[in-house]
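Below are the chains, spelled out letter by letter.
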Amino acid sequence: MTRKSAPFLLTAAAVTGAVLLAGTQAAVAVEPPEHAIIVCQDATMYENYDFSIPGPVHPLRTLYYGNKVGHTRGKHPVYNGWASIQDFGPNDWGFVRYECLGGWGSW
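Residues numbered from 1 in each chain as written. Predicted model: local features only at pLDDT ≥ 70, side-chain atom pairs only at ≥ 80, totals over all residues. Heavy atoms only, no water.

Trainee: For this particular structure, what's the right way to read the packing of aromatic side chains?
Mentor: Aromatic rings considered in pairs are described by the distance between their centres and by the relative angle of their planes. Overall, the coordinates contain 8 aromatic pairs when judged by the stated rule. Their ring planes at 35 degrees and their centres at 6.5 Å tell us that tyrosine 98 and tryptophan 104 sit as a pair that is tilted. Tyrosine 98 sits in the partly exposed class, given a relative accessible area of 33%. Each residue in the set Tyr49, Phe51, Tyr79 and Phe95 is aromatic and connected to the rest through ring pairs, giving one cluster. Over the ring of tryptophan 104 we find arginine 73, and its NZ or CZ is 4.0 Å from the ring centre. (Phe/Tyr/Trp six-rings, centres within 6.5 Å; stacked < 30°, edge-to-face > 60°. Buried < 20%, exposed > 50% of the residue type's maximum accessible area, 1.4 Å probe, protein only. Lys NZ or Arg CZ within 6 Å of the ring centre and 35° of its normal.)

Rendered as structure tokens:
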């Protein structure tokens, strides 16, 4: 190893270490959704929210009272009363009316 290559190797090792550390911190920062249930008799779950309408688009299915879902209050978006949720049944994401979420932490 020459004298000129040593600083390069140290710099490369430092950059690699910083990238690995940053990747680890990002993985730890994920916050799981807070447990809730559907408290309306029924609620349509939509695939996405379209800001040009504005409103939800592409109905996925109907959720019923007691279905287990997740929403992280203050973190997941709520647009005009439509909340981003995770349906723990099939484990997918969508939007339902925020007022249909309740029973926080009940399961």
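Okay, back to it.
Trainee: What am I meant to see in the environment of asparagine 80 here?
Mentor: In this structure, asparagine 80 sits in the loop between strand S5 (78–79) and strand S6 (82–87). Residue class for asparagine 80 comes out exposed when judged on its relative accessible area of 58%. Counting along the chain gives 18 residues from asparagine 80 to tyrosine 98, while the straight-line C-alpha distance between them is 9.1 Å. If we skip the residues at most four places from it in the chain, asparagine 80 touches Tyr49, Pro54 and Arg97. (Helix = DSSP H or I, 4+ residues; strand = E, 2+ residues; numbered from the N terminus. Contact = heavy atoms within 4.5 Å.)

Trainee: For this particular structure, what's the right way to read the state of the cysteines?
Mentor: Taken as a whole, this structure holds 1 disulfide when the rule is applied. Two residues, cysteine 40 and cysteine 100, share a disulfide whose sulfurs are 2.0 Å apart. Negative torsions about the S-S bond denote left-handed disulfides, and the value of about -90 degrees found for cysteine 40 with cysteine 100 makes this one left-handed. Here cysteine 100 lies in the loop between strand S7 (92–97) and strand S8 (101–102) and cysteine 40 lies in the loop between strand S1 (35–38) and strand S2 (42–50), a separation of 60 residues in the sequence. Under the relative-accessibility criterion, cysteine 40 is labelled buried at 19%. Using a relative accessible area of 6% as the deciding quantity, one classes cysteine 100 as buried. (Disulfide = S-S within 2.5 Å.)

Everything listed here is a matter of coordinates, which is why it stays silent on function.
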